[in-house]
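Structural characterization, general
As a plain string of letters, each chain reads:
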Amino acid sequence: MADLFRDYWWLMFPLAWALGAAWQGWLRSQARRDELRLVQTYAAVGKEPPAELIKALRREPQEG
Amino acid sequence: MEDLFRSYWWLLFPMAWFIGAGWQSWMNYRTRRDALKLVQTYAERGQEPPPELMAAINRRDDDALMNGGFGGETKPSTTNWGWYQAALFGALAGGFAFLARSNILGDEGLADAMTVAAVVLAALALASLVYALTWKRPQG
């Protein structure tokens, strides 16, 4: 096991990157879902959502 | 196990960075979620949320993962860093090439490694040069 680690320790970096990217993607999807729920609340009370909220929704997904 | 730790103790630093960045992303997400919940409370009461609160929703946090890390987009720079990078990588490539050719370090194997480093840095310098020449100031 230790030998295997010595040969492939560098794999930790791409693996950590992949895990980080998945974590980031999940957080972004959660954030987008929260924003949409808020817009839904505004729609339910028959009010126009604030411009800042629409601006947040219009951002490209990778902008964070 | 102790031998393994002695050999790879330095891996703790990059791993700690990854864990710290992930934790920071989580905290920033929670802050943003709480701000949205607060806006929702205002919306449910039929009141206008304060502009500061709405500005907080669009704020870009100092977040290594969310902004730029792991394939994300960074805010475009208003400075053309291509020239700086071309000069830096070019000088480093020249230095490594000189070390490889002059054989100052006296080891043939090391000279080969220096040549590889020089080639990689020269490629980076060339890429930076192309970036500098094609760079356009971001709008707005």
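If you're wondering where the values come from, they're calculated on a predicted model, not measured in any experiment. (Residues numbered from 1 in each chain as written. Chains lettered and ligands numbered in written order. Predicted model: local features only at pLDDT ≥ 70, side-chain atom pairs only at ≥ 80, totals over all residues.)

**A closer look at the confidence of the model for chain A**
Operational definition: One confidence number per residue, pLDDT, is output by the predictor and ranges from 0 to 100. Counting from the N terminus, the helices are the DSSP runs of H or I reaching at least four residues and the strands are the DSSP runs of E reaching at least two.
When the pLDDT values of chain A are averaged, the result is 85; 92% of them are 70 or greater. Mean pLDDT across the elements of chain A ranges from a minimum in helix α3 (residues 51-58) of chain A, with 82, to a maximum in helix α2 (residues 12-44) of chain A, with 90.

**Here's the deal with the nonpolar core**
As a reminder of what qualifies: As used throughout, a nonpolar core is a set of buried Ala, Val, Leu, Ile, Met, Phe, Trp, Tyr and Cys residues joined through C-beta atoms within 7 Å of each other. Three exposure classes are used, all based on how many other C-beta atoms lie within 10 Å of a residue's own C-beta (placed from the backbone): buried at 20 or more, exposed at 12 or fewer, and partly exposed between those limits. The contact criterion used is a C-beta to C-beta distance within 7 Å, with each C-beta placed from the backbone.
Of all hydrophobic cores here, the largest spans 9 residues; its members are B:Ala86, B:Phe89, B:Ala93, B:Phe96, B:Ala100, B:Met114, B:Ala118, B:Leu121 and B:Ala125. Taken together, the elements giving at least two residues each to this core come down to α4 (82-102) and α5 (108-134) of chain B. When residues in this core are grouped by element, the largest group, 5 residues, is from α4(B). For B:Ala93, the residues in contact, after removing those within four places along its chain, are B:Ala118, B:Leu121, B:Ala122 and B:Ala125. A:Ala56, B:Val39, B:Ala43 and B:Ile57 belong to the second largest nonpolar core, which has 7 residues in total.

**Topic: the environment of B:Ala125**
Residue and element names in this part refer to chain B. Of note, Ala125 is situated in helix α5. For Ala125, a count of 20 C-beta atoms within 10 Å corresponds to the buried category. Along the chain, Ala125 and Ala91 lie 34 residues apart, while their C-alpha atoms are 8.7 Å from each other. Look past the residues within four positions of Ala125 in its chain and what remains in contact with it is Ala86, Phe89, Gly90 and Ala93.

**Quick word on α4(B)**
Residue and element names in this part refer to chain B. As a reminder, the rule being used: Helices are assigned an expected span. That span is 1.5 Å times one less than the residue count. Think of it as the arc spanned by the lines of direction from the helix axis to the C-beta atoms.
Its 21 residues give α4 an end-to-end C-alpha distance of 29 Å, which sits within 8% of 30 Å, the value for a rise of 1.5 Å per residue. For α4, every residue scored as buried is listed here: Ala86, Phe89, Ala93, Phe96 and Ala100. Angularly, the buried residues of α4 cover 110° about the axis, an arc narrow enough to put them on a single face. Opposite the packed face of α4, turned more than 90 degrees from it, sit the exposed residues Tyr84, Ala91, Phe98 and Ser102. Directly beyond the C-terminal end of α4, a positive phi value near 55° is found at Asn103.

**Remarks on the environment of A:Val45**
If you trace the backbone, A:Val45 turns up in the loop between α2 and α3. Among the residues examined, A:Val45 registers 10 C-beta atoms within 10 Å and is labelled exposed. Residues contacting A:Val45, with those up to four places away along its chain left out, are B:Ala43, B:Glu44 and B:Gly46.

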